[in-house]
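As a plain string of letters, each chain reads:
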Amino acid sequence: MDKTYLPMPQWLINKICLAKQKKDPLTHRFIHDNLAKYRLNTVCRGAWCPNRGSCYSRGTATFMILGNVCTRNCAFCAVSHGKPGEADREEPARLKEAVKVLGLKHVVVNSVTRDDLPDGGADLFAKVIEALHALPSPPAVEVLTPDFGGSLSSLETVLGVNPEVFSHNIETIPRLYSAVRPGASYRRSLGLLAEAVQKARAGTLVKTGFMLGLGEEKQEVADLIRELGDAGVAMLTIGQYLSPSLRHYPVKRYVTEEEFEEWAALARKMGFKSVDAGPLVRSSYRAGDCYREVLDSGAALAVD
Ligand code: SF4
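Residues numbered from 1 in each chain as written. Predicted model: local features only at pLDDT ≥ 70, side-chain atom pairs only at ≥ 80, totals over all residues. Heavy atoms only, no water.

1. Section: the overall build of the protein
- Along its length, the protein carries 13 helices and ten strands.
- Whereas a compact globule of 304 residues would reach a radius of gyration of roughly 19 Å, the protein reaches 18 Å, a difference of no more than 12%.
- With the C-alpha coordinates of the protein rotated into their principal frame, the extents come out at 45 × 40 × 40 Å.
- Across the 304 residues that make up the protein, the buried fraction comes to 52%.
- Considering only contacts in the protein between residues 6 or more positions apart, those separated by 24 or more positions represent 75%.
- Of the accessible surface of the protein, which amounts to about 13200 Å², a share of 54% is contributed by carbon and sulfur atoms.
- Positive and negative charge centroids in the protein, built from 38 and 35 side chains respectively, lie 5 Å apart. (Helix = DSSP H or I, 4+ residues; strand = E, 2+ residues; numbered from the N terminus. Rg over C-alpha atoms; globule rule 2.2 N^0.38 Å. Buried < 20%, exposed > 50% of the residue type's maximum accessible area, 1.4 Å probe, protein only. Contact = heavy atoms within 4.5 Å. Areas by Shrake-Rupley, 256 points an atom, 1.4 Å probe, with all protein chains shown as cover. Lys, Arg positive; Asp, Glu negative; His and termini not counted. Charge placed at Lys NZ, Arg CZ, Asp CG, Glu CD.)

Structure, rendered in structure tokens:
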């Protein structure tokens, strides 16, 4: 693989610095301390997300359950990989307490991939959703799950407890899977999303996200958006791939904000109910806003 380093353009460096300045020290501290107190992981920290400052300051965070060691090793991901420990059955209860203390209105829960667990961790996702829905003023729960090895029973376990948003990231175009997402399969991930659309109960929106800048051609991006639209996916995020280090998959291209807007316009034309696209957009960035936008637009009902 050609690992030529592509310097980041100044406009993007400025944008990231600005995002990092959007930090309200008090709220940031509060979130940080409570994550530590309740022994919770966040992908925000594990993936060195540039939006952490603004998300924490807006009272949102993405919680990572099932430990912080992944059984896979995607070339773009900074999460540690290897042999994970036991699944922590107390995690749903601690997450419930933390969300209550933090007063979160929209909670995103994701996880590493746990190919070592028979159900891929689906039962713990379900327990987390149930725990959060049992809160006096329950938040909207968005789960961003691994592919569960394509297991439909794992998918049904999660959908069966009615998360407000079921999300699984397709990440990139099929041609790049072997280099970027070894261990995953494009058809399996697309199939999981299509099944989720069919099996989701009223009130559950299906969402996915992918990155640009990994070497995809424009026609491949258009085909990807079309396939996701044909599968009935309602919500979409498109962001710029930023390489966590020189050891990770190299950035092949920095995409302009104008081009992101073009893809967003195409996706909206294809019928997606919510599209968030931009260099710093991540699948859980502004997740609560995007969800509320769909609800407010009444488009959610059309999905049922
Ligand atoms: S499966 Fe997810 S957590 Fe694991 S390496 Fe890939 S992107 Fe990272």
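Now, onward.
2. Considering the site of the ligand
- Looking at the ligand, the residues that line it are Cys70, Arg72, Cys74, Phe76, Cys77, Val112 and Thr113.
- Here the shell around the ligand is composed, by residue class, of five nonpolar, one polar and one charged. (Near = heavy atom within 4 Å. Nonpolar A, V, L, I, M, F, W, Y, C, P; charged D, E, K, R; others polar.)

3. A short note on unusual backbone geometry
- The backbone phi angle of Arg39 is positive, close to 50°, even though this residue is not glycine.
- Counting through the fold element by element, Arg39 comes out in the loop between helix 2 (25-37) and strand 1 (41-42).
- Despite not being glycine, Asn162 shows a phi value in the positive range, around 55°.
- Residue class for Asn162 comes out partly exposed when judged on its relative accessible area of 32%.

4. Structural notes on the packing of helix 6 (residues 122-133) against helix 7 (residues 152-159)
- It is the contact of helix 6 with helix 7, at a shortest axis distance of 8 Å, that shows an interaxial angle of 5°. As judged from the angle between their axes, helix 6 and helix 7 are roughly parallel. Where helix 6 approaches helix 7, its residues Ala122, Asp123, Phe125, Ala126 and Ile129 are matched on the opposing element by Ser154, Thr157 and Val158.
- Residues that form the contact of helix 6 with helix 7 fall into these classes: five nonpolar, two polar and one charged. (Axes fitted to C-alpha atoms, helices over the stretch in contact; angles between N-to-C directions. Parallel < 35°, antiparallel > 145°, perpendicular 65-115°, else oblique.)

5. Brief notes about the sheet that holds strand 10 (residues 274-278)
- What the eight strands build is an open sheet, ordered 1-2-5-6-7-8-9-10; its pairing is mixed. With partners counted over all chains shown, the strands left at the sheet margins are strand 1 and strand 10, one partner each.
- In terms of strand pairing, strand 7 (residues 165-167) meets strand 8 (residues 205-212) through three bridges, oriented parallel. Bridge assignment links Ser167 to a residue of strand 8, and that residue is Lys207.
- Strand contacts of helix 10 (residues 218-230): strand 8 and strand 9 (235-240), with the helix running at about 170° to strand 8, the strand carrying the most contacts. (Pairing = 2+ DSSP bridges.)

6. Regarding the pairing of strand 10
- Burial of strand 10 is extensive: five of the five residues sit out of reach of the surface.
- Of the two faces of strand 10, the one carrying Ser274, Asp276 and Gly278 and the one carrying Val275 and Ala277 are both buried.
- The sheet contact formed by strand 9 and strand 10 spans five bridges and is parallel. Residue Thr237 lies in a different strand from strand 10, and its bridge partner there is Asp276.

7. With respect to the packing of helix 7 against helix 9 (residues 186-199)
- Helix 9 packs onto helix 7 with a crossing angle of 45° between their chain directions and a minimal axis gap of 11 Å. Between helix 7 and helix 9, the angle is such that the two are oblique. Considering the relative orientation of helix 7 and helix 9, their crossing is right-handed. Contact residues: helix 7 offers Leu152, Leu155, Glu156 and Leu159, while helix 9 offers Leu192, Glu195, Ala196 and Lys199.
- Within the contact of helix 7 with helix 9, the residues separate by chemical class into five nonpolar, no polar and three charged. (Left-handed = near helix turned anticlockwise from the far one by under 90°.)

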